[in-house]
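Inside the fold
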Amino acid sequence: MNAKQSYLMPTYTRQNVSFVRGEGARLWDEQGREYLDAIAGVAVTNLGHANPEITAVISQQASLLLHTSNMFGIPWQEQLAQKLCSLAGMERAFFCNSGAEANEAALKIARLHARVRNIANPQIVVMSNSFHGRTLATLAATDNRNVQQGFEPLMGGFIRVPYNEIEALRDLVSNKSIVAVLLEPVQGEGGVHCASPTYLSAVRQLCDKQDWLLMMDEVQTGMGRTGQWFGFQHADITPDVITLAKGLGNGFPIGACLAQGKAAQLFAAGSHASTFGGNPLGCRIACQVIDIMQRDLIPQKAAQLGQQLLAGLCRQLKGHPDILAIRGIGLMVGIELNYPAIDLVSRALTEQRLLITITRKQTIRLLPALICTAEQVDDIVFRISRLLATC
Ligand SMILES: *Cc1c(COP(=O)(O)O)cnc(C)c1O
């Protein structure tokens, strides 16, 4: 069991379970009990726990070189940038260590775009229900009072509009201070809400017309999660900037900000930096993640498994009196309940030996590893329906 966590800052509500070992979509706790993991470390361990091919490159690279700094060439960083850019239709990459940092880089690119356009008081349009991280800039971009509470004054320069409503964005065209739009293709923390492809195409057109950068936060949706390499690929668009982190290193911390077109030309020597960003170990791991995903057609598999998961949940939970909606795309699925359900996390854990998360108080969010088996997807459906049958 967890020791009393008296030396940790109490920023998290933790379950009273500690895992010591994992394999694929399964975990074992200190008592040797087995669990089915339907959250993958919050969309991080997409290729499974203790993936042997990832373990092998970590061990091999660790015995060669961990870190040198960005004062020198880093061939694995060059290779990773090339792979990511060709998959995403981007031209340049900046590497960092987390999602919030990747978004910070994007926000700084937007500020430089404002400078080029001679806009003194630049504004970035963000969405209702958004989540972009916990640094001072990204929490201001986030639409969640709990995240912002206590940290005022919030950084300015953001205008918020309703998500997935193009008219709200069109209403802003007379505002000449706007330089960028930042949004998630699917809002994960916001309760699993998908932007429609027609909305994203209309946002792209508007951004082109107004010279706004279209910046997509793919920290959660990127790397195959939604059944495409990147969430924006469900629409026929290319953003100017995308940010990645979570699944990129399969659990090793690495983030990236990718850009194309004029957005790729804005950072120059000295304008941004990260000590650990793009280190040989992280980049080699991410290269291996991509190689495995390409070889094993992981995004396509995630799309199939996601359909199976969504269909299974809809079938099993049909007519359930407490369910408002079941929605999602790929292996990013939400079950919205009509009551606050935070306690379901611990009940799922102890009664069903299943890891789930709850977002926005009443939406169960499922983010299983992209390599889970069809049997494991059925097992998730089975355990969820048992859990909700007893509520
Ligand atoms: C998790 C997440 C972040 C923050 O990533 P960190 O690595 O925790 O900083 C930002 N944006 C989205 C969409 C996320 O899901």
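Everything that follows concerns the structure shown earlier in this document.
It should be emphasised that the depicted structure is a prediction, and the values quoted were computed from it without experimental measurement.

1. With respect to the pairing of strand β10 (residues 213-217)
- Taking burial as the measure, the five residues of β10 include five buried ones, the bulk of the element.
- Burial along β10 is two-sided: the face carrying Leu213, Met215 and Asp217 and the face carrying Leu214 and Met216 are both buried.
- Pairing of strand β7 (residues 178-183) with β10, which is carried by four bridges, proceeds in the parallel orientation. Among the inter-strand pairings, Leu182 is bridged to a residue of β10, identified as Met215.
- With three bridges connecting them, β10 and strand β11 (residues 241-244) associate as parallel partners. Paired with Met216 across the two strands is Ile242, which belongs to β11.

2. Observations concerning the pattern of salt bridges
- Applying the stated rule across the entire model yields 17 salt bridges.
- Among the salt bridges present, the one from Arg117 reaches Asp211, with a minimum N-O distance of 3.4 Å. You can see Arg117 sitting in the loop between α4 (99-116) and β5 (123-127) and its partner Asp211 sitting in the loop between α8 (197-210) and β10, a full 94 residues away along the chain.
- Its relative accessible area of 27% is what places Arg117 among the partly exposed residues.
- Among the ionic pairs, Lys262 bridges to Asp211, the shortest N-O distance being 3.0 Å. One end of the pair, Lys262, is in the loop between β12 (255-259) and α9 (280-295); the other, Asp211, is in the loop between α8 and β10, with 51 residues separating them in the sequence.

3. Some thoughts on the site of the ligand
- Around the ligand, the neighbouring residues are Ser98, Gly99, Ala100, Asn103, Phe131, His132, Gly133, Glu184, Asp217, Val219, Gln220 and Lys246.
- One of the side-chain nitrogen or oxygen atoms of Asp217 is found 2.7 Å away from a nitrogen atom of the ligand.
- With respect to the ligand, the side chain of Lys246 contributes an N or O atom lying 2.6 Å from an oxygen atom.
- Contact with the protein chains hides 80% of the accessible area of the ligand, taken as 380 Å² for the molecule alone.
- For the shell around the ligand, the element with the highest residue contribution is α4, accounting for three residues.
- Tallied by class, the residues present in the shell around the ligand amount to three nonpolar, six polar and three charged.

What counts as what
- Residues numbered from 1 in each chain as written.
- Predicted model: local features only at pLDDT ≥ 70, side-chain atom pairs only at ≥ 80, totals over all residues.
- Heavy atoms only, no water.
- Buried < 20%, exposed > 50% of the residue type's maximum accessible area, 1.4 Å probe, protein only.
- Helix = DSSP H or I, 4+ residues; strand = E, 2+ residues; numbered from the N terminus.
- Pairing = 2+ DSSP bridges.
- Salt bridge = Lys/Arg side-chain N within 4 Å of Asp/Glu carboxyl O.
- Near = heavy atom within 4 Å.
- Polar contact = N/O pair within 3.5 Å; in protein donor to acceptor, adjacent residues only side chain to side chain.
- Areas by Shrake-Rupley, 256 points an atom, 1.4 Å probe, with all protein chains shown as cover.
- Nonpolar A, V, L, I, M, F, W, Y, C, P; charged D, E, K, R; others polar.

Fair warning: the whole summary comes from geometry, so function is off the table for now.
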